[in-house]
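# Understanding the architecture of this molecule
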Amino acid sequence: MPDLLPEETLRRLVDLLVRLVEAAGAAVIFVGAAIAFVRFVLVAVRRHEDGFIAVRLFLGRFLALGLEFQLASDVLRTAIAPSFPQIGQLAAIATIRTALNFFLNREIQREGRTMSEARGGASQTVPGGRVPPGAGND
C-alpha cells in the first residue's frame, strides 16, 4: 500500500503545528502579562490593596492557559514515532507543567474565594443560591 503522506512530510507538518501551538501559548502568556501589567500600574496609582490580588488572579489564569498550550505542543512533538528518550522527556515536562498548573489553579481558586469572602460572598448570591457572573467565583 503506498504511503498517503511520507513520514518526512508528516514530521515537517507536525513540527510546524508544534511551533504554532508553542507560539499560541507564548502569545497567551505575553498578552496576559501585558494586560496584567497595565492593571497593576492602575492599581498601584490608585493604591487599592485588594486590586493586587485581582491582578494576580487575572495573570494566573493566563499563565494556566499558556501552560496548557505548552503542554499540548510537547505532546504533539512526540506524536510521530517517539523514541524512549523523547517519551521520558515528555513525561518529565508533562509532570512539571501539570504540577505547576495544578498549584496555580489551586492558588487561583483560594484567592478567588478570599476575594469573594472579603466582598461579602453571601450578599452576592441571587435568589436560588446562584452567584451572578463576575462576582468572583468563576
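Before reading further, recall that the structure is shown in the block above.
Residues numbered from 1 in each chain as written. Predicted model: local features only at pLDDT ≥ 70, side-chain atom pairs only at ≥ 80, totals over all residues. Heavy atoms only, no water.

This part takes up the overall build of the protein chain. Scanning the protein chain from N- to C-terminus turns up 3 helices and 0 strands. What you see in the protein chain, going N to C, is helices and strands ordered as α-α-α. When the 138 residues of the protein chain are sorted by exposure, 25% land in the buried category. When the accessible surface of the protein chain is summed, it comes to about 9,600 Å², and 67% of that surface belongs to carbon and sulfur atoms. (Helix = DSSP H or I, 4+ residues; strand = E, 2+ residues; numbered from the N terminus. Buried < 20%, exposed > 50% of the residue type's maximum accessible area, 1.4 Å probe, protein only. Areas by Shrake-Rupley, 256 points an atom, 1.4 Å probe, with all protein chains shown as cover.)

When you line up the elements, Ile87 lands in helix α3 (residues 84–118). Of the residues examined, Ile87 reaches a relative accessible area of 40% and is grouped as partly exposed. When the C-alpha atoms of Ile87 and Val75 are compared, they prove to be 9.4 Å apart, with 12 residues separating the residues in sequence.

Attention shifts here to the side chain of Asp74. Counting through the fold element by element, Asp74 comes out in helix α2 (residues 49–77). When sequence neighbours within four positions are dropped, the list of residues in contact with Asp74 reads Leu90, Ile93 and Arg97. (Contact = heavy atoms within 4.5 Å.)

A few words now on the pattern of salt bridges. A complete count under the given rule lists 9 salt bridges for this structure. Here Glu8 ties to Arg12 by a salt bridge, and the two come within 3.8 Å at their closest N and O atoms. With a gap of 4 residues between them, Glu8 and Arg12 both fall in helix α1 (residues 7–46), about one helical turn apart. Here Arg12 falls in the exposed class, since its relative accessible area comes to 54%. Of the charged contacts in the structure, one is a salt bridge between Glu107 and Arg56, with a shortest N-O distance of 3.0 Å. Note that Glu107 is positioned in helix α3 and Arg56 in helix α2, a separation of 51 residues in sequence. Among the residues examined, Arg56 registers a relative accessible area of 47% and is labelled partly exposed. (Salt bridge = Lys/Arg side-chain N within 4 Å of Asp/Glu carboxyl O.)

Together, Phe37, Val38, Phe40, Val41, Leu42, Val45 and Phe52 make up a nonpolar patch on the protein surface, roughly 630 Å² of accessible area in all. Of all the elements, α1 adds the most residues to the nonpolar patch, at 6 residues. Among the secondary structure elements, Phe37 is positioned in helix α1. In this structure Phe37 comes out as exposed when scored by relative accessible area, which is 52%. (Patch = residues over 30% accessible without salt bridge, like charges linked within 9 Å, V, L, I, M, F, W, Y side chains within 5 Å.)

A separate point is the packing of α1 against α2. Orientation of α1 relative to α2, taken along the N-to-C sense of each, is 175°, at an axis distance of 8 Å. By the angle class used here, α1 and α2 are roughly antiparallel. When its residues are assigned to classes, the contact of α1 with α2 shows 25 nonpolar, 6 polar and 3 charged. (Axes fitted to C-alpha atoms, helices over the stretch in contact; angles between N-to-C directions. Parallel < 35°, antiparallel > 145°, perpendicular 65-115°, else oblique. Nonpolar A, V, L, I, M, F, W, Y, C, P; charged D, E, K, R; others polar.)

Here we come to α2. Between its first and last C-alpha atoms α2 spans 43 Å; for 29 residues at 1.5 Å apiece the expected length is 42 Å, and the two agree. All buried positions along α2 are accounted for by Gly51, Val55, Leu57, Phe58, Gly60, Ala64, Gly66, Leu67, Gln70, Leu71, Ser73 and Asp74. The inward-facing, buried residues of α2 contact α1 and α3. (Expected span 1.5 Å × (residues − 1).)

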